[in-house]
Amino acid sequence: MSEYTIKCLECGKEFNGYTLSCSCYSLLRAEYKKRFQIKDLPGMWRFIDWLPCNKPLNTKCGPITYKSNGLAKELGLKNLYISFNGYYPEKNAFNMTCSFKDLEASPTIARAIENGLKTMLISSAGNTARAFAYASNKIGFEVYLVVPESYLYRVWIPGEPGENIHLIAVKGDYSDAISVGNIICKNKNISQEGGAKNIARRDGMGTVMLDATVVIGQMPKHYFQAVGSGTGAIACWEMAIRLRKWGWKGWPKLNLSQNIPFTPIYNAWKAKRREILADDMPNARESIEKIYSTVLSNRNPPYSIKGGLYDALCDTNGEVYAVTNKEAKDAGKLFESTEEIDSLPPANVAIASLIRAVNEDKVGKDDIILLNITGGGVSRLKEDYDIVQIKPEMTIRKPENIVIENEC
Ligand SMILES: *Cc1c(COP(=O)(O)O)cnc(C)c1O
Ligand SMILES: [Zn+2]
């Protein structure tokens, strides 16, 4: 059983229950009172001591860390570790919807149930909806999934979706889906799962850093990941803070990446600015349509908020890369041929940024590097399972004159 308090990083106020935010412009963070003991449980549940829930769900998802041979050799790296977050049964990786969103869904639902929630709404560019659909389906929890119409193809699960899964399509992009989700929550009195604000989502993703540190024996010097909201990167940074507090060695530099031409986080960080301005994403809608990795299309990431991505980048002396569609696609081919498993487009963006870092001597050949393959194994999964596309119950248009609220 995990023991923790939830604290506002700005005013220090403590909370309990299913609180998502303080009145301050700050994230809340869980402070675990004890060192974690690895439990004899499947997947990520072995780290339940540092998750904000008490009972594991019946899911096997979890990060898998292994030392790369193929890709490492190709890049001339001696200590390249891969955190594989997808389906790869030969390596014991059972993220059944093939991305690290599976790491968010299970502890978030567990936390919600333990706090008495009966239903929950999630706005998503598709991968999160898929992960929540699968985990909810597995245990019969009711969820509303709000997804842009053009990304509906991403919402599938291995197995038959039950009546507890409600999919709503939105005409518009990911940020429009977030607005519509907020409106539905207010009108129907459904709980928001809260996105980056939900400590369960962050600490679930943070198990990537936990697992890697346990496998490697220390924290990596470099952490590579493609970012849309940056929640996964914030999560790994927060876990690094906890690990350091409990005596683990090392400190990871965040090496994040986005896909040209939609690179708001890259542009703001390059200008060393705490705010993302409209100028950081010119022609946002058109740009989003041009990127290969559309999952990375968040227009309102938790960047400026206290404890958010800007703070994480400052604290780790981080770097953000912007890579082209071609670089990402080529990187994906190289990964598949050297590591013998398929990877999703955002993962390919991260691989491309690692190739860039190697070519520009931004990482040393001996450095301990952790590459987060945030999604993969979809082709592999289809060999083993029939996947079922979830059908939307309705399609709605975002009402005009709605101000997009901050990312949640
Ligand atoms: C969501 C997602 C990302 C980006 O993660 P953020 O936490 O939103 O930055 C990267 N890769 C995959 C496969 C994803 O589904
Ligand atoms: Zn506060």
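### Observations regarding the environment of Ala-133
Move 1: Within the fold, Ala-133 resides in helix H3 (residues 127-139).
Move 2: By relative accessible area, which is 0% here, Ala-133 ends up buried.
Move 3: Setting aside anything within four residues of it in sequence, one finds Ala-133 in contact with Leu-145, Ile-157, Ile-165 and Ile-390.

### Considerations on the confidence of the model for the chain
Low pLDDT means the predicted atomic positions in that stretch should not be read closely.
Move 1: Put simply, the chain has an average pLDDT of 95, and 98% of its residues get 70 or more.
Move 2: Ignoring residues within four places in sequence, the model shows residues 404-408, a span with pLDDT below 50, making 25 contacts including any to other chains.

### Details of the site of ligand 1
Move 1: With respect to spatial proximity, 18 residues lie near ligand 1, and among them Lys-101, Asn-127, Ser-229, Gly-230 and Thr-374 are the closest.
Move 2: Within the side chain of Asn-127, one N or O atom sits 2.9 Å away from an oxygen atom of ligand 1.
Move 3: For ligand 1, an oxygen atom lies 3.3 Å from a polar atom in the backbone of Thr-231.
Move 4: Relative to its unbound accessible area of 380 Å², ligand 1 is 96% covered by the protein chains.
Move 5: By residue class, the composition of the shell around ligand 1 is seven nonpolar, ten polar and one charged.

### Observations regarding the packing of aromatic side chains
Move 1: Under the counting rule described, the total for this entry stands at eleven aromatic pairs.
Move 2: With 6.3 Å between their ring centres and 10 degrees between their planes, Phe-36 and Trp-248 make a pair best called stacked. With Phe-36 in the loop between strand S3 (28-32) and strand S4 (64-67) and Trp-248 in the loop between helix H6 (231-245) and strand S14 (253-259), the pair connects residues that are 212 residues apart, well separated along the chain.
Move 3: Between the aromatic rings of Phe-84 and Tyr-88, the centroid separation amounts to 5.3 Å while the plane-to-plane angle is 70 degrees, which identifies the pairing as edge-to-face.
Move 4: Owing to a relative accessible area of 8%, Tyr-88 belongs among the buried residues under this scheme.
Move 5: Among the aromatic residues, ring-to-ring pairing joins Tyr-4, Tyr-32, Phe-36, Phe-47, Trp-50 and Trp-248 into one connected group.
Move 6: Sitting above the plane of the Tyr-151 ring, Arg-154 keeps its charged end 4.6 Å from the centroid.
Move 7: Directly above the aromatic system of Trp-269 lies the positively charged group of Lys-272, at a separation of 4.6 Å from the ring centroid.

### Topic: the sheet that holds strand S8 (residues 119-123)
Move 1: If you walk across this open sheet you meet the five strands as S12-S8-S9-S11-S18, and the pairing is parallel. Here the strands that pair on one side only, and so sit at the sheet edges, are strand S12 (191-192) and strand S18 (394-397).
Move 2: As paired elements, strand S11 (residues 165-171) and S18 share four bridges and run parallel to each other. In the sheet register, Ile-168 faces S18, and the bridge partner there is Met-394.

### Details of the environment of Gly-250
Move 1: Inspection of the secondary structure puts Gly-250 in the loop between H6 and S14.
Move 2: The class of Gly-250 is partly exposed, set by a relative accessible area of 34%.
Move 3: For Gly-250 and Lys-221, which are 29 residues apart along the polypeptide, the C-alpha to C-alpha distance reads 6.5 Å.

### Brief notes about the coordination of the zinc ion (ligand 2)
Move 1: Taken together, Cys-8 (SG), Cys-11 (SG), Cys-22 (SG) and Cys-24 (SG) make up the protein donors of the zinc ion (ligand 2), found 2.3 to 2.4 Å from the metal.
Move 2: Around the zinc ion (ligand 2) sit four donor atoms; with metal-centred angles ranging over 106 to 115 degrees, the donor geometry is tetrahedral.
Move 3: The motif formed by the donor residues of the zinc ion (ligand 2), counted along the single chain, is C-x2-C-x10-C-x1-C.
Move 4: Relative accessible area serves as the criterion here: at 12%, Cys-22 is assigned to the buried category.
Move 5: Exposure remark for Cys-24: the relative accessible area of 21% places this residue in the partly exposed category.

### Some words on the pattern of salt bridges
Move 1: Inspection of every chain in the model, using the stated rule, returns 26 salt bridges.
Move 2: A salt bridge links Glu-31 to Lys-7; the shortest N-O distance between them is 3.6 Å. Taken as a pair, Glu-31 in strand S3 and Lys-7 in strand S1 (residues 4-8) lie far apart in primary sequence, 24 residues in all.
Move 3: With a relative accessible area of 34%, Glu-31 lands in the partly exposed category.

### Let's talk about unusual backbone geometry
Move 1: Note the cis peptide between Ile-260 and Pro-261, where omega equals 15 degrees.
Move 2: Looking at the secondary structure, you find Pro-261 in the loop between S14 and helix H7 (264-270).
Move 3: A positive phi is found at Cys-98, a non-glycine position, where the angle reads about 70 degrees.
Move 4: Here Cys-98 is to be found in the loop between strand S7 (93-94) and helix H2 (101-114).
Move 5: We classify Cys-98 as buried; its relative accessible area is 0%.
Move 6: You will see that Asn-317, though not glycine, has its phi angle at about 50 degrees, which is positive.
Move 7: Here Asn-317 shows up in the loop between helix H9 (309-315) and strand S15 (319-323).

Criteria and cut-off values
Residues numbered from 1 in each chain as written. Chains lettered and ligands numbered in written order. Predicted model: local features only at pLDDT ≥ 70, side-chain atom pairs only at ≥ 80, totals over all residues. Heavy atoms only, no water. Helix = DSSP H or I, 4+ residues; strand = E, 2+ residues; numbered from the N terminus. Buried < 20%, exposed > 50% of the residue type's maximum accessible area, 1.4 Å probe, protein only. Contact = heavy atoms within 4.5 Å. pLDDT = per-residue confidence, 0-100. Near = heavy atom within 4 Å. Polar contact = N/O pair within 3.5 Å; in protein donor to acceptor, adjacent residues only side chain to side chain. Areas by Shrake-Rupley, 256 points an atom, 1.4 Å probe, with all protein chains shown as cover. Nonpolar A, V, L, I, M, F, W, Y, C, P; charged D, E, K, R; others polar. Phe/Tyr/Trp six-rings, centres within 6.5 Å; stacked < 30°, edge-to-face > 60°. Lys NZ or Arg CZ within 6 Å of the ring centre and 35° of its normal. Pairing = 2+ DSSP bridges. Donors = N, O, S within 2.8 Å, 3.2 Å for Na, K, Ca; no water. Tetrahedral: all angles 85-135°; square planar, octahedral: opposite > 155°, others 65-115°. Salt bridge = Lys/Arg side-chain N within 4 Å of Asp/Glu carboxyl O.

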